[in-house]
Each structure stands twice: as C-alpha cells, then as structure tokens.
Amino acid sequence: SQQGEEDPQALSIQEGENATMNCSYKTSINNLQWYRQNSGRGLVHLILIRSNEREKHSGRLRVTLDTSKKSSSLLITASRAADTASYFCAAWGGGSEKLVFGKGTKLTVNP
Amino acid sequence: DVKVTQSSRYLVKRTGEKVFLECVQDMDHENMFWYRQDPGLGLRLIYFSYDVKMKEKGDIPEGYSVSREKKERFSLILESASTNQTSMYLCASSRWGTLAHHWADTQYFGPGTRLTVL
C-alpha cells in the first residue's frame, strides 16, 4: 500500500506567499524525505528527516514530522515563481525495504 | 555534486523491439534504482541493485530486466516493448549503507528518459 500520500494534489499561490504541503503515511517509519521535480525532469532531494526528529530547516524550507499522527509537512516560505514544481514525500521503514513515494503535490507560484 | 546521467532524454520505439536504457553515476554509489513514473500513479520501483551483478525486483518487474556489470552503470532492458510501457523512466543512486539501511539514504536522480512505444 502507498506509504506516503500528499495533500493537496495541487496548490496555486501568489509569489511571496507561503506554501504548505502535507504528507501522511500508514506505518512506522525510519525516515521521511521530500523531493522536488520540475516539469519533465528528474527528482531533486530537498530534506531528510529522521523518525526521532520533529523539525528541520533548509533555507526557505521547513519540514515537520509528527510520528503520533503519522504525518509530515513541508513549508516553503516567501515562495518564488521558480518554486513551481511537483513535490513528493517518500517514506522508508515500517518493515518495508523500499523508499515509497507519494503521488505528489503540484505547486504553482504565480508571479 | 553527484551526477546521474541517462542515455537518452526521449526515445521512440516500436512494439516488440528490445530497448536498452542506460544509467551512469559518478559518485561510487553502491545502490542504483529504476523507476517508472506515470500520471496519477506516482513513482513505481521496477528493479534495484545494491552491488555489482546483484539485482532485486521492485513492485513492477514484469516485462523488464536489468544488468549491472560495473558499479557505475545500471541498465534497464525491455525485452519486447509494448505500448503499456510508454512512460517516463527515472534512474537513481544512493550511497552504500548497512543491509538494513539500503533505502534510508538520499536518492540522486537522473533527468529521466521519456519512452514512447508505438
């Protein structure tokens, strides 16, 4: 079964606004990762958060992890048009040997 | 920086042809992966390899095979291409870890090959 499920499926905001994407998963995890994919390209790793961590920052990105709710969120602050992309969470653990990707959130940042 | 390259960005083949997709990484990574990505289905793992000449089936191995003769190169083979194999194919690699942590590390992706089978 799908380990990571992103919400919403699509998000459209104006430049300068914050964008929040959520990811839920079904079983216990060892770590959860977020990736970005520009249209028609490969995925680029953004952040890895381990199960014993609650929050992580990288530049304008903030990732939180709530293992009690089996959920994670990715916040992009002060968004830019260049942030337009699809964002995927990927969870590892729960007895699975696989890094399981969600179906992604398509973010559009309008200039 | 890690660099993962794929042999073609776009490929058009005919039904029944044998298709080779090549992937090369330059960071001495132990683990390599092949995914396919389809609208509404996300990324699905086809095969992975955690060592030279080693391979493991992913979620959707049917109709595919792989080859890893050298550490830096992982090939995906469509033995007899079919129209339902039209897709975006993504290769990825990650560092070596303990057996229990093959999957824990960051994966580095190539740019993808968009394959169309007519």
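Another aspect to go through is the interface of chain B and chain A. Counting residues at the interface gives 21 residues for chain B, matched by 18 residues for chain A. Overall, the association of chain B and chain A removes approximately 1,600 Å² of surface from exposure, summing both partners, and the carbon and sulfur fraction of that is 54%. The tally of links between chain B and chain A comes to 0 salt bridges. If you look at where chain B meets chain A, you find 6 residue pairs in polar contact (both at pLDDT 80 or more). For the side of chain B that touches chain A, the secondary-structure elements that each account for two or more residues are strand 4 (31-38), strand 5 (42-49) and strand 9 (87-94) of chain B. With 3 residues, the top contributor of residues to the side of chain B that touches chain A is strand 5 of chain B. Looking at side-chain class alone, the side of chain B that touches chain A contains 11 nonpolar, 7 polar and 3 charged residues.

All names here are of chain B. On the basis of which strands lie adjacent, the open sheet formed by 4 strands has the order 1-3-8-7 and antiparallel pairing. The open sheet is flanked by strand 1 (4-6) and strand 7 (64-70), the only strands paired with a single partner. Across this sheet, the average inter-strand angle for adjacent strands is 20 degrees, counted without regard to direction.

A word on the state of the cysteines. Inspection of every chain in the model, using the stated rule, returns 2 disulfides over all chains. One disulfide in the model links C23(A) with C89(A); its S-S distance is 2.1 Å. In this structure the cystine formed by C23(A) and C89(A) twists about its S-S bond by roughly 70 degrees; its chirality is therefore right-handed. A residue pair is termed long-range when its members are at least 10 positions apart, and C23(A) in strand 3 (residues 19-25) and C89(A) in strand 9 (residues 85-92) qualify at 66 residues. The buried category is assigned to C89(A), whose relative accessible area is 0%. Disulfide pairing is shown between C23(B) and C91(B); the S-S distance is 1.9 Å.

The rules we used
- Residues numbered from 1 in each chain as written.
- Chains lettered and ligands numbered in written order.
- Predicted model: local features only at pLDDT ≥ 70, side-chain atom pairs only at ≥ 80, totals over all residues.
- Heavy atoms only, no water.
- Contact = heavy atoms within 4.5 Å.
- Buried area = accessible area lost by both parts, 1.4 Å probe.
- Salt bridge = Lys/Arg side-chain N within 4 Å of Asp/Glu carboxyl O.
- Polar contact = N/O pair within 3.5 Å; in protein donor to acceptor, adjacent residues only side chain to side chain.
- Helix = DSSP H or I, 4+ residues; strand = E, 2+ residues; numbered from the N terminus.
- Nonpolar A, V, L, I, M, F, W, Y, C, P; charged D, E, K, R; others polar.
- Pairing = 2+ DSSP bridges.
- Axes fitted to C-alpha atoms, helices over the stretch in contact; angles between N-to-C directions.
- Disulfide = S-S within 2.5 Å.
- Buried < 20%, exposed > 50% of the residue type's maximum accessible area, 1.4 Å probe, protein only.

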